[in-house]
Amino acid sequence: RSTPAARRAARDARYRRRYGITLADYERMARAQRWRCAICGQLPARGARLVPDHDHATGKIRGLLCSQCNSGIGLLGDSPARLRAAAEYLETHG
């Protein structure tokens, strides 16, 4: 069984490898966002964490998102034009 310190170390290593940030960087960003999704403003679901959202072209971290918002923008190809078009569609056909 892993200890809390071992789990933190594993998360730190994962964030460094995947996103180029430390666990301390993640926690600093999360505190600045009040531990809420940068898009919808909701707390993550119980047992879930905010996901580092990054620009796939540059690798730059944009913020922390809930899984749903992160998946939504990813499925729309991280395209602001497609996101605006989707919002307009929902507003006119809702």
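It should be emphasised that the depicted structure is a prediction, and the values quoted were computed from it without experimental measurement.

So, how was this worked out
Residues numbered from 1 in each chain as written. Predicted model: local features only at pLDDT ≥ 70, side-chain atom pairs only at ≥ 80, totals over all residues. Heavy atoms only, no water. Buried < 20%, exposed > 50% of the residue type's maximum accessible area, 1.4 Å probe, protein only. Helix = DSSP H or I, 4+ residues; strand = E, 2+ residues; numbered from the N terminus. Pairing = 2+ DSSP bridges. Arc of directions from axis to C-beta. Contact = heavy atoms within 4.5 Å. pLDDT = per-residue confidence, 0-100. Salt bridge = Lys/Arg side-chain N within 4 Å of Asp/Glu carboxyl O.

On strand S1 (residues 51-54), burial covers both faces: Val-51 and Asp-53 on one face and Pro-52 and His-54 on the other are all buried. Here S1 folds back onto strand S2 (residues 61-65), and the loop between the two strands holds 6 residues, one of which, Gly-59, carries a positive phi near 80°.

Of all the positions in helix H2 (residues 23-32), only Leu-23, Tyr-26, Glu-27 and Ala-30 are classed as buried. Projected onto a plane normal to the axis of H2, the buried residues spread over an arc of 95° and lie on a single side. Buried residues in H2 make contact with helix H1 (4-19), S1 and S2. Directly beyond the C-terminal end of H2, a positive phi value near 60° is found at Arg-34.

Right, let's talk about the confidence of the model for the chain for a bit. Mean pLDDT over the chain: 95, with 100% of residues reaching 70 or higher. Summarising per-element confidence for the chain, the mean pLDDT is lowest in helix H3 (residues 67-75) (95) and highest in H2 (98).

With that settled, the discussion passes to the pattern of salt bridges. Side chains that differ in charge, positive against negative, can pair when their charged atoms come close. In total, this model carries 5 salt bridges according to the counting rule given. One salt bridge in this structure joins Glu-27 and Arg-8, with 2.7 Å as the shortest N-O distance. Linking Glu-27 in helix H2 with Arg-8 in helix H1, this pair joins segments that are 19 residues apart in sequence. On the basis of relative accessible area, Glu-27 is assigned to the buried category, the value being 17%. Asp-78 serves as the salt-bridge partner of Arg-62, at 3.1 Å between the closest nitrogen and oxygen. Placement of the pair is Arg-62 in strand S2 and Asp-78 in the loop between H3 and helix H4 (80-93), with a sequence separation of 16 residues. Given a relative accessible area of 41%, Arg-62 falls into the partly exposed group.

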